[in-house]
Amino acid sequence: MRNAFFALRDACPRAKLALCAACLAVYAALACLSGGHVWAIAWTAVCTALWLYLPGRFWLDALRMRGRLPGMDHALAVLYGAGFLAVTACFAIRLQILWLLRFAPPALGLVWLALALRRGARPHFDWMRAGTGATLLAGWGALCALYALTVSVKNAHPAAAGQIVPNQDVLWNIGNAASFALGFPPQDIRFSGVRLAYHYLTELLTGALSLAGGLSCWDLVTLYLGPPVLAALVLCVFSFGRYFYGGSEARGLALCALLFCFQCASMGAALLDGEGLFSNTNLMHLVTNVNSQATAVIFVSLFAALFIAVAQRGFAAGWPMLATFLCSAVMMSFAKGPAAAIAICSFAVTMLFLLARRPKSLAKWTLCFAGCIGTFCAVYFVVFASGANNSVHLGYRTVEMSQVYAWLAPIRGINTAVWWACVVLAALATCFLMQPLQFALYLRGLWRDVRGLWGLPVQRLFANGVVAGGWLAYYLFWHPSYSQLYFALIAIFFMNVLAVDALARLRRGAFARFAAVCGAAGFLTFGVLLVNFTGSGLRQLGRNLDVIEKYPYASTATAGDEAAMEWLRANSAEDAVFATDRIHRMANVTDGISNLYTALSGRQAYMEGYTYAVTNMGVSEALLSEKQAVNAALFDAAADSAATAALCRENGVDYLVDSLQYPGGVAEGEELALVYENESVKIYRVRE
């Protein structure tokens, strides 16, 4: 197996580069067919280099961190660049000095580039022809093509596709990103008067690049930012795996292979829905970065690498490294709350182990311990915890929703002892079935780690803590939107990290044969998922191009909707507020999930949707009922126009957006002027 791995790694580097180029061509073609442009793809690449990567290289050199974490320089540049862009954006938006955002990051990046060229540095591309580099590029190209099929095609511009039913979570991310153009701290763009309480680093960076580069948040999220984010993901996963295992490129590449190419044990059951029987959507979340899972892996891996580096020095590290480590904790906390919570818990436990080993600098140990925990608590309680406190519940509902628990229905009601045994068995079996090969390899190495616990290296202490904590949190807590999954996904990442070691130690025998069976199941599921992603994407492309008849949904996002929102964005003030009767996903359902008009217009809604405001922002039932009553009154066609206009003024509403696909209407009159109309939408302006 080891020889086969190295043969695959080193084989046909030119063919792998050709595959990468072909996949990028597929991505570009699909992005253009979805409403994008080739020049915008190139401009996004330039923007991410000028506003993020090159400034990151500047700070890497300025802080003299180059080479301090062997093999991690490019990954650290992502950390520094993203952090500097985020901080600059917050200050620039808050103080309304956008020139600072538009000029400061690229200025630093160009200064670094000029100095690098002056000292004779030249880019080297020999690594691209080597086995590892070519393999990583081929994998990145394939992920970009999958991104186009799963995100770009399915969330194409309505003007390009005629009509679509976009993913509401994608629209949620777009709206969050657009909210940063309206002010800082950001407000929930879909529900006025409520602060955006959410881990919003991905959206902050997207909004900053939108303000700096001039591309819309819709275009960046659905068409252009996928390749740069996936490049950072592949880079950080590979670099972290290599650093974790002392510079082994083979193990870094093995981590990438395990994470992306070996999925759950659903096999053929995943063909129709792209999820399968065991709710492991890790591949989909990483490819699409919906709800920031790829961002989470990027910054958790950076935090972990810096923690390992600081701990291995007995905390007697230089101040630049300590400052970088604390900054990584901030970025991780803003990147993804559930992932950060598990990482910080494991960090705290690991730090207590390290304290018992007497660190070289107790003062710096204390600084790191208090700094990281204090940072996470501040972010959690100040920024995004209002909704989490109300919507995350303690209980075993996650187990009850599992397929294994359903399979045990014939016996679990025998008595209380059998029921508890079934709960434990369902939990453990689900862990295995969600990642069969990795779980088997992880358990193989776990016994060795437990036996040598007191002398275990810091990296294995931390990684085991994340795995244990992630799975426990997954089963102990539940969320109405199944957000407890993100506890499991971060556990899965570190389970993959630890599985690499057991994979490298695998020898012939019964366990090797069992691992081969598990690997075959996981790899087959990966293939089935590729068929699903590709097939569903091509089917949607056919609908977009009118090759396949469009499905008759109760309501869709139409070209008219997009045109109306473009008009609203162009003809309204940035602080304008609109109300709409389109507050549900479909006209024939009542779910309070509609994020379309805010995503298309970038304007604040009085209440476009409300479900996520309750579960994520902690909005009270009283406030929700009040807004629902007001919104219903605004779209009562039988109401008096003057009274409706007065109600608008009372609630700070400047425009009424009437979707003709939804029931209701507006009482037009002298104080409610019809200012825009097409086949899908009417827009009314409230006269002052």
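Further up the page is the structure itself.
K.L.:
Looking at this structure, how should I read the overall build of the protein chain?
P.N.:
Helix and strand content of the protein chain: 31 helices and nine strands. In terms of overall size, the protein chain behaves like a compact globule, its C-alpha atoms giving a radius of gyration of 26 Å where 688 residues would be expected to give roughly 26 Å. By sequence separation, contacts in the protein chain at least 24 residues apart represent 74% of the contacts at least 6 residues apart. About 27500 Å² of surface is accessible on the protein chain, with carbon and sulfur atoms providing 65% of the total. Side-chain charges of the protein chain comprise 47 positive and 37 negative groups, with the mean position of each set lying 23 Å from the other.

K.L.:
Looking at this structure, how should I read the packing of helix α3 (residues 38–62) against helix α10 (residues 201–213)?
P.N.:
For any two helices packed against each other, one specifies the crossing angle of their axes together with the interaxial distance. Axis separation between α3 and α10 bottoms out at 11 Å; the angle between their running directions is 110°. As judged from the angle between their axes, α3 and α10 are roughly perpendicular. On the side of α3, the interface is formed by W43, C47, T48 and W51, while α10 contributes L209, A212 and G213. In terms of residue class, the contact of α3 with α10 is built from five nonpolar, two polar and no charged.

K.L.:
I'm lost on the environment of Q628 in this one. Help?
P.N.:
The residue Q628 is located in helix α30 (residues 621–634) in this model. Judged by its relative accessible area of 29%, Q628 is partly exposed. Once the C-alpha coordinates of Q628 and V653 are considered, the two residues, 25 residues apart in sequence, prove to be 14 Å apart. Apart from the residues lying within four places of it in its own chain, the contact partners of Q628 are M607 and Y610.

K.L.:
Help me understand the sheet that holds strand β8 (residues 672–677), please; the structure alone is not making it clear to me.
P.N.:
On the basis of which strands lie adjacent, the open sheet formed by five strands has the order β6-β5-β7-β9-β8 and mixed pairing. Among the strands making up the open sheet, the edge pair consists of β6 (604–605) and β8. On the sheet, helix α27 (residues 559–571) packs against β5 (577–580), β7 (655–659), β8 and β9 (681–686) and is oriented at approximately 20° with respect to β9.

K.L.:
Just to check I follow, could you spell out empty space enclosed by the protein for this structure?
P.N.:
Where empty space is left can be seen by rolling a probe of water-molecule size over the atoms. A full pass over the atoms with the stated rule returns two cavities of 30 Å³ or more. Of the voids in this model, the largest cavity is the one considered here, and its volume is about 90 Å³. Lining the largest cavity are 15 residues, and of these P166, Q168, A557, R582 and R585 lie nearest its centre. Here the lining of the largest cavity is composed, by residue class, of eight nonpolar, five polar and two charged. With three residues, helix α29 (residues 611–615) is the largest single contributor of residues to the lining of the second largest cavity. Tallied by class, the residues present in the lining of the second largest cavity amount to six nonpolar, five polar and two charged.

K.L.:
How should I be thinking about unusual backbone geometry in this particular structure?
P.N.:
Residues apart from glycine generally show negative phi values, whereas peptide bonds are mostly found in trans. Following F184, the chain continues to P185 via a peptide bond in cis, the omega torsion being 0°. Here P185 lies in the loop between α9 (168–179) and α10. Despite not being glycine, R358 has its phi angle at roughly 60°, a positive value. Since its relative accessible area comes to 75%, R358 is described here as exposed. Even without being a glycine, D546 presents a positive backbone phi close to 65°. Structurally, the position occupied by D546 is in the loop between α26 (510–544) and β4 (557–558).

K.L.:
Which parts of the structure should I look at to understand the pattern of salt bridges?
P.N.:
Pairing between side chains of opposite charge can happen when their charged atoms approach one another. One pass over the full model with this rule turns up 13 salt bridges. The residue R242 makes a salt bridge to E249 at a minimum N-O spacing of 3.6 Å. Where R448 meets D501, a salt bridge forms, and the shortest distance between an N and an O atom there is 2.8 Å. Taken together, the residues span a long stretch of sequence, with R448 in helix α23 (residues 436–451) and D501 in helix α25 (residues 485–504) at a distance of 53 residues. Taking the relative accessible area as the measure of exposure, D501 reaches 4% and is therefore buried. Ionic contacts of the salt-bridge type, sharing partners, join the residues R251, R448, D449, R460, D501 and R505 into one network.

K.L.:
Honestly, helix α17 (residues 337–356) in this entry has me stumped. Any pointers?
P.N.:
Working note: α-helix, 3.6 residues per turn, so residues spaced by three or four point in the same direction. Between the first and last C-alpha of α17 there are 29 Å, a value that for 20 residues agrees with the 28 Å anticipated at 1.5 Å per step. The buried count for α17 comes to 15 of 20 residues, which makes it a mostly enclosed element. Immediately beyond the C-terminal end of α17, within one or two residues, lies R358, with a positive phi of roughly 60°.

K.L.:
What am I meant to see in the side chain of D561 here?
P.N.:
Counting through the fold element by element, D561 comes out in helix α27. D561 gets classed as buried once you look at its relative accessible area, which sits at 0%. A polar atom in the side chain of D561 sits 3.0 Å from the backbone nitrogen of T558.

K.L.:
How should I be thinking about the packing of aromatic side chains in this particular structure?
P.N.:
The description of two aromatic rings rests on the distance between their centres and on the angle between their planes. Under the definition given, this model contains 43 aromatic pairs. Aromatic pair W43 and W51: ring centres 6.4 Å apart, planes at 80°, arrangement edge-to-face. Judged by its relative accessible area of 6%, W51 is buried. Each ring, one from F303 and one from F307, has its centre 6.4 Å from the other, and the planes form 20°; the classification is stacked. Of this pair, F303 and F307 both sit in helix α15 (residues 293–312), four residues apart, which is roughly one turn of that helix. What makes F303 buried here is its relative accessible area of 0%. For F307, a relative accessible area of 0% corresponds to the buried category. Joined through ring pairs, the aromatic side chains of F240, F244, Y245, F303, F307, F325, F347, W365, F369, F462, F493 and F494 make up one cluster. Lying over the aromatic face of Y486, K336 brings its terminal NZ or CZ to 3.6 Å of the ring centre.

Each value, and the rule that gives it
- Residues numbered from 1 in each chain as written.
- Predicted model: local features only at pLDDT ≥ 70, side-chain atom pairs only at ≥ 80, totals over all residues.
- Heavy atoms only, no water.
- Helix = DSSP H or I, 4+ residues; strand = E, 2+ residues; numbered from the N terminus.
- Rg over C-alpha atoms; globule rule 2.2 N^0.38 Å.
- Contact = heavy atoms within 4.5 Å.
- Areas by Shrake-Rupley, 256 points an atom, 1.4 Å probe, with all protein chains shown as cover.
- Lys, Arg positive; Asp, Glu negative; His and termini not counted.
- Charge placed at Lys NZ, Arg CZ, Asp CG, Glu CD.
- Axes fitted to C-alpha atoms, helices over the stretch in contact; angles between N-to-C directions.
- Parallel < 35°, antiparallel > 145°, perpendicular 65-115°, else oblique.
- Nonpolar A, V, L, I, M, F, W, Y, C, P; charged D, E, K, R; others polar.
- Buried < 20%, exposed > 50% of the residue type's maximum accessible area, 1.4 Å probe, protein only.
- Pairing = 2+ DSSP bridges.
- 1 Å grid on protein atoms, 1.4 Å probe; cavity = no way out; pocket = protein on both sides within 12 Å on 5 of 7 lines; lining within 4 Å.
- Points joined across faces, edges and corners; volume = space filled by probe spheres on them.
- Salt bridge = Lys/Arg side-chain N within 4 Å of Asp/Glu carboxyl O.
- Expected span 1.5 Å × (residues − 1).
- Polar contact = N/O pair within 3.5 Å; in protein donor to acceptor, adjacent residues only side chain to side chain.
- Phe/Tyr/Trp six-rings, centres within 6.5 Å; stacked < 30°, edge-to-face > 60°.
- Lys NZ or Arg CZ within 6 Å of the ring centre and 35° of its normal.

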